[in-house]
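# A structural walkthrough
Now for the letters of each chain:
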Amino acid sequence: MNKEFDVIALGELLIDFTENGVSGQGNPIFEANPGGAPCNVLAMLNKLGKKTSFLGVVGKDQFGTSLRNTLNELGIDTGHLYEDQEVHTTLAFVHTFEDGDRDFAFYRNPGADMMLSQEQVDPAYISSAKAFHYGTLSMTHEGVRKATYKAIDLAKEAGLLISFDPNLRPPLWSSMEEAKSQIAYGLSKCDLLKISEEELEFMTGTSDVKEGAHQLLGQYPNIKLMNVTMGKEGSIAFHEGKEVFQAPFIQENTIETTGAGDTFGACALNYVLEHGITGLTEENLSEMLRFANGASSLITTKKGALRVMPEKEEVEAFLASRK
(Lines give C-alpha, C1' and ligand atoms only; values in the text may rest on other atoms or scores of the structure.)
Protein backbone atom coordinates (compact mmCIF):
# COMPACT_ATOMS: atom_id res chain seq x y z
CA MET A 1 0.00 0.00 0.00
CA ASN A 2 1.35 3.41 -0.95
CA LYS A 3 1.74 5.60 2.12
CA GLU A 4 1.66 9.38 1.98
CA PHE A 5 4.17 9.81 4.82
CA ASP A 6 7.08 7.83 6.19
CA VAL A 7 6.65 9.22 9.70
CA ILE A 8 4.01 11.16 11.62
CA ALA A 9 5.14 12.54 14.99
CA LEU A 10 2.82 13.85 17.70
CA GLY A 11 3.76 16.20 20.53
CA GLU A 12 5.25 19.54 21.44
CA LEU A 13 6.35 22.23 19.04
CA LEU A 14 7.72 25.16 21.00
CA ILE A 15 10.26 27.94 21.18
CA ASP A 16 13.54 27.15 22.95
CA PHE A 17 15.08 30.39 24.18
CA THR A 18 18.81 29.67 24.31
CA GLU A 19 21.41 31.97 25.84
CA ASN A 20 23.36 33.84 23.21
CA GLY A 21 25.77 36.26 24.84
CA VAL A 22 25.29 39.41 26.89
CA SER A 23 23.95 42.81 25.85
CA GLY A 24 25.81 46.12 26.17
CA GLN A 25 23.93 46.63 29.45
CA GLY A 26 25.13 43.31 30.81
CA ASN A 27 21.78 41.47 30.35
CA PRO A 28 21.67 37.93 28.97
CA ILE A 29 20.51 37.77 25.33
CA PHE A 30 18.23 34.88 24.38
CA GLU A 31 17.75 33.52 20.86
CA ALA A 32 14.31 32.17 19.91
CA ASN A 33 15.09 28.73 18.45
CA PRO A 34 12.26 26.59 17.08
CA GLY A 35 12.23 23.32 19.03
CA GLY A 36 10.34 20.40 20.47
CA ALA A 37 11.68 16.84 20.43
CA PRO A 38 9.15 15.24 18.01
CA CYS A 39 9.77 17.93 15.38
CA ASN A 40 13.54 17.71 15.85
CA VAL A 41 13.20 14.01 14.95
CA LEU A 42 11.16 14.88 11.84
CA ALA A 43 13.65 17.57 10.77
CA MET A 44 16.50 15.03 10.77
CA LEU A 45 14.35 12.42 8.98
CA ASN A 46 13.65 15.01 6.27
CA LYS A 47 17.40 15.51 5.83
CA LEU A 48 17.62 11.74 5.28
CA GLY A 49 15.04 11.93 2.49
CA LYS A 50 11.92 10.85 4.40
CA LYS A 51 8.46 12.40 4.08
CA THR A 52 7.18 13.57 7.45
CA SER A 53 4.16 15.20 9.04
CA PHE A 54 3.57 16.76 12.45
CA LEU A 55 0.45 16.52 14.63
CA GLY A 56 0.21 19.15 17.35
CA VAL A 57 -0.92 22.61 18.44
CA VAL A 58 0.70 26.06 18.59
CA GLY A 59 -0.82 29.34 19.74
CA LYS A 60 -2.36 31.88 17.40
CA ASP A 61 0.53 34.26 18.06
CA GLN A 62 3.81 35.39 16.53
CA PHE A 63 5.65 32.31 17.80
CA GLY A 64 3.02 29.93 16.43
CA THR A 65 3.23 31.60 13.03
CA SER A 66 7.02 31.44 13.08
CA LEU A 67 6.97 27.72 14.00
CA ARG A 68 4.53 26.88 11.19
CA ASN A 69 6.73 28.78 8.73
CA THR A 70 9.80 26.92 9.97
CA LEU A 71 8.19 23.50 9.45
CA ASN A 72 7.00 24.51 5.99
CA GLU A 73 10.53 25.67 5.11
CA LEU A 74 11.98 22.36 6.28
CA GLY A 75 9.42 20.39 4.26
CA ILE A 76 7.57 18.94 7.27
CA ASP A 77 3.84 18.67 6.48
CA THR A 78 1.72 21.06 8.61
CA GLY A 79 -1.74 19.94 7.46
CA HIS A 80 -2.44 18.77 11.03
CA LEU A 81 -0.70 21.55 12.93
CA TYR A 82 -3.57 23.29 14.73
CA GLU A 83 -3.78 26.76 16.24
CA ASP A 84 -5.30 27.53 19.63
CA GLN A 85 -7.06 30.91 19.80
CA GLU A 86 -6.75 31.29 23.59
CA VAL A 87 -3.56 29.58 24.72
CA HIS A 88 -0.10 30.85 23.80
CA THR A 89 2.63 28.84 22.12
CA THR A 90 4.71 26.90 24.66
CA LEU A 91 8.08 28.44 25.58
CA ALA A 92 11.17 26.87 27.14
CA PHE A 93 14.17 28.78 28.48
CA VAL A 94 17.35 26.74 28.25
CA HIS A 95 20.27 27.45 30.57
CA THR A 96 23.52 25.94 29.30
CA PHE A 97 26.28 24.89 31.71
CA GLU A 98 30.05 24.93 31.08
CA ASP A 99 30.11 21.32 29.83
CA GLY A 100 27.30 21.93 27.31
CA ASP A 101 24.65 20.21 29.45
CA ARG A 102 21.47 22.19 30.20
CA ASP A 103 18.58 23.03 32.47
CA PHE A 104 15.03 23.95 31.35
CA ALA A 105 12.41 26.42 32.57
CA PHE A 106 9.04 25.93 30.84
CA TYR A 107 6.26 28.48 30.31
CA ARG A 108 3.42 26.03 29.91
CA ASN A 109 0.59 26.55 32.36
CA PRO A 110 -1.05 25.85 30.03
CA GLY A 111 0.87 25.97 26.76
CA ALA A 112 -0.67 25.43 23.32
CA ASP A 113 1.05 22.04 22.86
CA MET A 114 -1.16 20.70 25.71
CA MET A 115 -4.35 21.63 23.86
CA LEU A 116 -4.41 18.79 21.30
CA SER A 117 -7.77 17.01 21.60
CA GLN A 118 -8.93 13.52 20.64
CA GLU A 119 -11.17 15.07 17.96
CA GLN A 120 -8.09 16.41 16.19
CA VAL A 121 -6.65 12.91 15.75
CA ASP A 122 -7.96 11.68 12.41
CA PRO A 123 -7.80 7.89 11.78
CA ALA A 124 -7.33 8.28 8.00
CA TYR A 125 -4.43 10.65 8.59
CA ILE A 126 -2.69 8.36 11.10
CA SER A 127 -2.98 5.37 8.78
CA SER A 128 -1.39 7.39 5.94
CA ALA A 129 2.08 6.85 7.47
CA LYS A 130 4.53 3.96 7.82
CA ALA A 131 5.67 4.92 11.33
CA PHE A 132 4.33 6.88 14.29
CA HIS A 133 6.63 8.62 16.80
CA TYR A 134 5.79 10.06 20.24
CA GLY A 135 7.29 11.13 23.57
CA THR A 136 5.85 11.90 27.01
CA LEU A 137 5.44 15.68 26.95
CA SER A 138 2.08 14.93 25.32
CA MET A 139 1.17 12.71 28.30
CA THR A 140 1.63 15.21 31.16
CA HIS A 141 -2.01 16.44 31.12
CA GLU A 142 -5.28 14.58 30.64
CA GLY A 143 -6.64 16.13 27.41
CA VAL A 144 -3.51 15.79 25.32
CA ARG A 145 -2.81 12.40 26.93
CA LYS A 146 -6.14 11.09 25.62
CA ALA A 147 -5.25 12.39 22.16
CA THR A 148 -1.85 10.67 22.37
CA TYR A 149 -3.38 7.35 23.48
CA LYS A 150 -5.91 7.53 20.65
CA ALA A 151 -3.18 8.18 18.08
CA ILE A 152 -1.06 5.29 19.40
CA ASP A 153 -4.07 2.93 19.27
CA LEU A 154 -4.94 4.00 15.72
CA ALA A 155 -1.31 3.61 14.64
CA LYS A 156 -1.16 0.10 16.13
CA GLU A 157 -4.46 -0.92 14.49
CA ALA A 158 -3.18 0.35 11.13
CA GLY A 159 0.03 -1.68 11.51
CA LEU A 160 2.45 1.26 11.74
CA LEU A 161 5.91 0.94 13.23
CA ILE A 162 5.67 2.54 16.69
CA SER A 163 8.63 4.63 17.87
CA PHE A 164 9.00 6.09 21.38
CA ASP A 165 11.44 8.40 23.15
CA PRO A 166 10.41 9.13 26.78
CA ASN A 167 12.26 12.47 26.78
CA LEU A 168 11.72 12.91 30.52
CA ARG A 169 11.48 16.56 31.66
CA PRO A 170 10.90 16.46 35.45
CA PRO A 171 9.67 20.10 35.82
CA LEU A 172 6.63 19.32 33.65
CA TRP A 173 5.19 16.52 35.79
CA SER A 174 2.90 16.90 38.80
CA SER A 175 4.82 14.00 40.37
CA MET A 176 7.58 11.60 39.42
CA GLU A 177 5.20 8.66 40.04
CA GLU A 178 2.94 10.06 37.34
CA ALA A 179 5.92 10.43 34.98
CA LYS A 180 6.90 6.83 35.66
CA SER A 181 3.42 5.47 34.95
CA GLN A 182 3.13 7.41 31.65
CA ILE A 183 6.58 6.32 30.49
CA ALA A 184 5.54 2.73 31.35
CA TYR A 185 2.47 3.17 29.13
CA GLY A 186 4.68 4.45 26.30
CA LEU A 187 7.04 1.50 26.74
CA SER A 188 4.16 -0.98 26.60
CA LYS A 189 3.15 0.22 23.11
CA CYS A 190 6.36 0.71 21.12
CA ASP A 191 8.41 -1.43 18.71
CA LEU A 192 11.41 0.91 18.65
CA LEU A 193 12.69 2.60 21.81
CA LYS A 194 15.31 5.32 22.23
CA ILE A 195 16.04 5.87 25.92
CA SER A 196 18.81 7.72 27.76
CA GLU A 197 20.77 6.05 30.55
CA GLU A 198 19.23 8.52 33.06
CA GLU A 199 15.70 7.57 31.96
CA LEU A 200 16.63 3.89 32.08
CA GLU A 201 17.86 4.29 35.66
CA PHE A 202 14.70 6.27 36.54
CA MET A 203 12.52 3.39 35.28
CA THR A 204 14.53 0.46 36.66
CA GLY A 205 16.37 1.80 39.72
CA THR A 206 19.71 0.49 38.48
CA SER A 207 22.61 2.51 37.06
CA ASP A 208 23.94 -0.61 35.30
CA VAL A 209 22.81 0.02 31.71
CA LYS A 210 22.82 -3.62 30.60
CA GLU A 211 21.01 -4.80 33.71
CA GLY A 212 18.42 -2.02 33.30
CA ALA A 213 17.94 -2.76 29.60
CA HIS A 214 17.35 -6.45 30.23
CA GLN A 215 14.91 -5.62 32.99
CA LEU A 216 12.86 -3.42 30.63
CA LEU A 217 13.03 -5.92 27.76
CA GLY A 218 11.75 -8.59 30.15
CA GLN A 219 8.87 -6.35 31.22
CA TYR A 220 8.02 -5.14 27.71
CA PRO A 221 8.51 -7.97 25.21
CA ASN A 222 6.83 -5.77 22.56
CA ILE A 223 10.08 -3.77 22.24
CA LYS A 224 11.91 -5.15 19.20
CA LEU A 225 14.86 -2.76 19.25
CA MET A 226 16.07 -0.71 22.20
CA ASN A 227 18.79 1.91 21.81
CA VAL A 228 20.29 3.35 24.98
CA THR A 229 22.16 6.65 24.64
CA MET A 230 24.89 7.36 27.17
CA GLY A 231 26.05 10.83 26.12
CA LYS A 232 29.84 11.01 26.20
CA GLU A 233 29.96 7.23 26.75
CA GLY A 234 28.40 6.25 23.40
CA SER A 235 25.35 4.06 22.77
CA ILE A 236 24.19 0.44 22.95
CA ALA A 237 21.60 -1.39 20.84
CA PHE A 238 19.65 -4.35 22.25
CA HIS A 239 17.94 -6.51 19.64
CA GLU A 240 16.87 -10.19 19.59
CA GLY A 241 19.42 -11.18 22.24
CA LYS A 242 22.24 -9.17 20.64
CA GLU A 243 24.02 -6.28 22.36
CA VAL A 244 26.10 -3.91 20.29
CA PHE A 245 28.09 -1.03 21.77
CA GLN A 246 29.27 1.91 19.69
CA ALA A 247 31.85 4.41 20.95
CA PRO A 248 30.92 8.11 20.79
CA PHE A 249 32.55 10.76 18.62
CA ILE A 250 33.77 13.35 21.10
CA GLN A 251 33.77 16.89 19.70
CA GLU A 252 36.25 19.59 20.58
CA ASN A 253 33.65 22.05 19.26
CA THR A 254 30.64 21.04 21.36
CA ILE A 255 28.66 24.10 22.45
CA GLU A 256 25.39 22.53 23.66
CA THR A 257 23.66 19.16 23.60
CA THR A 258 20.16 20.33 22.55
CA GLY A 259 18.68 17.92 20.03
CA ALA A 260 21.47 15.33 20.21
CA GLY A 261 19.13 12.60 21.45
CA ASP A 262 16.48 13.55 18.87
CA THR A 263 19.05 13.44 16.08
CA PHE A 264 20.17 10.01 17.28
CA GLY A 265 16.58 8.76 17.50
CA ALA A 266 15.77 10.00 14.00
CA CYS A 267 18.80 8.21 12.50
CA ALA A 268 17.85 4.94 14.22
CA LEU A 269 14.22 5.27 13.05
CA ASN A 270 15.44 5.99 9.52
CA TYR A 271 17.62 2.87 9.60
CA VAL A 272 14.68 0.73 10.71
CA LEU A 273 12.46 2.18 7.96
CA GLU A 274 15.09 1.12 5.43
CA HIS A 275 16.17 -2.23 6.90
CA GLY A 276 13.20 -3.45 8.96
CA ILE A 277 13.06 -4.06 12.72
CA THR A 278 13.55 -7.82 12.83
CA GLY A 279 16.58 -9.95 12.03
CA LEU A 280 19.13 -7.13 12.17
CA THR A 281 22.71 -8.41 12.37
CA GLU A 282 25.45 -7.07 14.65
CA GLU A 283 26.93 -5.38 11.55
CA ASN A 284 23.55 -3.70 10.88
CA LEU A 285 23.26 -2.50 14.46
CA SER A 286 26.81 -1.22 14.48
CA GLU A 287 26.25 0.66 11.20
CA MET A 288 23.01 2.17 12.56
CA LEU A 289 24.66 3.31 15.83
CA ARG A 290 27.75 4.68 14.14
CA PHE A 291 25.70 6.90 11.84
CA ALA A 292 23.40 7.97 14.70
CA ASN A 293 26.37 8.75 17.00
CA GLY A 294 28.05 10.73 14.24
CA ALA A 295 24.98 12.80 13.42
CA SER A 296 24.26 13.55 17.09
CA SER A 297 27.89 14.51 17.63
CA LEU A 298 27.62 17.05 14.79
CA ILE A 299 24.44 18.64 16.18
CA THR A 300 26.24 19.47 19.46
CA THR A 301 28.43 21.90 17.52
CA LYS A 302 25.43 24.05 16.58
CA LYS A 303 22.95 26.15 18.57
CA GLY A 304 19.42 24.76 18.59
CA ALA A 305 18.42 21.69 16.58
CA LEU A 306 15.32 21.94 14.43
CA ARG A 307 16.80 24.26 11.79
CA VAL A 308 20.37 23.01 11.82
CA MET A 309 20.18 19.23 11.41
CA PRO A 310 23.17 17.88 9.47
CA GLU A 311 22.86 16.73 5.85
CA LYS A 312 23.34 13.03 5.17
CA GLU A 313 26.54 13.81 3.19
CA GLU A 314 27.88 15.87 6.09
CA VAL A 315 27.44 12.89 8.46
CA GLU A 316 29.04 10.49 5.97
CA ALA A 317 32.02 12.83 5.44
CA PHE A 318 32.41 13.20 9.22
CA LEU A 319 32.37 9.40 9.69
CA ALA A 320 34.91 8.93 6.89
CA SER A 321 37.21 11.41 8.62
CA ARG A 322 36.97 9.43 11.89
CA LYS A 323 37.73 5.97 10.47
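Just so it is clear, the model here is predicted, and its values are computed rather than measured. Residue numbers here run from 1 along each chain, matching the order of that chain's written sequence. For a predicted model such as this one, the threshold for reporting local features is a pLDDT of at least 70, and the threshold for listing and counting side-chain atom pairs is 80 or more; totals across whole chains, interfaces and linings nevertheless cover every residue. The side-chain figures draw on all heavy atoms in the structure; neither hydrogens nor water molecules are used.

## Observations regarding the sheet that holds strand E3 (residues 28–35)
So the rule is basically this: A pair of strands is considered paired only if DSSP assigns at least 2 bridges between the two. Every helix listed is a DSSP run of H or I at least four residues long, and every strand listed is a run of E at least two residues long, numbered separately from the N terminus. For helices, the fitted axis covers only the stretch in contact; all axes are lines through C-alpha atoms, and the angles between them, taken along N-to-C directions, range from 0 to 180 degrees.
With respect to topology, four strands assemble into an open sheet ordered E3-E2-E6-E7, the strand pairing being mixed. Across the chains shown, the open sheet's two edge strands, defined by having one partner strand only, are E3 and strand E7 (102–107). Between one strand axis and the next, the sheet turns by 30° as a mean value, whatever way the strands run. Alignment of strand E2 (residues 14–22) against strand E6 (residues 91–96), held across four bridges, turns out to be parallel. Its bridge partner being in E6, Thr 18 is matched across the sheet by Val 94.

## Some points on the sheet that holds strand E4 (residues 52–59)
Operational definition: A contact between two residues is defined here by any heavy atoms of the two lying within 4.5 Å.
Spatially, the nine strands line up as an open sheet ordered E5-E4-E1-E8-E9-E10-E11-E12-E13, and their pairing is mixed. Edge positions in the sheet fall to strand E5 (77–84) and strand E13 (242–246), since each has one partner strand and no second. Within the sheet, the average angular offset between the axes of one strand and its neighbour, ignoring direction, is 15°. For strand E10 (residues 192–196) and strand E11 (residues 225–229), the ladder comprises five bridges, and the chain directions are parallel. Residue Ser 196 lies in a different strand from E11, and its bridge partner there is Thr 229. Lying on the sheet, helix H4 (residues 142–157) is in contact with strand E1 (5–10), strand E8 (129–134) and strand E9 (161–164); it crosses E8 at an angle near 150°.

## So, the packing of H4 against helix H5 (residues 176–189)
Each pair of packed helices can be described by the angle between their axes along with the distance between the axes. Condition: By definition in this entry, angles of less than 35 degrees are roughly parallel, angles greater than 145 are roughly antiparallel, angles of 65 to 115 are roughly perpendicular, and the rest are oblique. Put simply, a crossing is left-handed when the front helix is turned counterclockwise from the back one by less than a right angle, and right-handed when it is turned clockwise. In the scheme used here, Gly and all other residues not listed as nonpolar or charged are polar, with Ala, Val, Leu, Ile, Met, Phe, Trp, Tyr, Cys and Pro taken as nonpolar and Asp, Glu, Lys and Arg as charged.
Where H4 contacts H5, the two axes come as close as 11 Å, and the packing angle between them is 15°. In terms of axis orientation, H4 runs roughly parallel to H5. Note that H4 runs across H5; the crossing there is left-handed. Between H4, through Arg 145, Tyr 149, Ile 152, Asp 153 and Lys 156, and H5, the contact on the second element is made entirely by Glu 178, Gln 182, Tyr 185 and Lys 189. Grouping the amino acids of the contact of H4 with H5 by side-chain chemistry returns three nonpolar, one polar and five charged.

## A short note on the environment of Gly 279
Examined against the element boundaries, Gly 279 turns out to sit in the loop between helix H8 (260–275) and helix H9 (282–299). Between the alpha carbons of Gly 279 and Lys 224 there is a distance of 9.8 Å; along the sequence they are 55 residues apart. Aside from chain neighbours lying at most four places away, what touches Gly 279 is His 239, Glu 240 and Asn 284.

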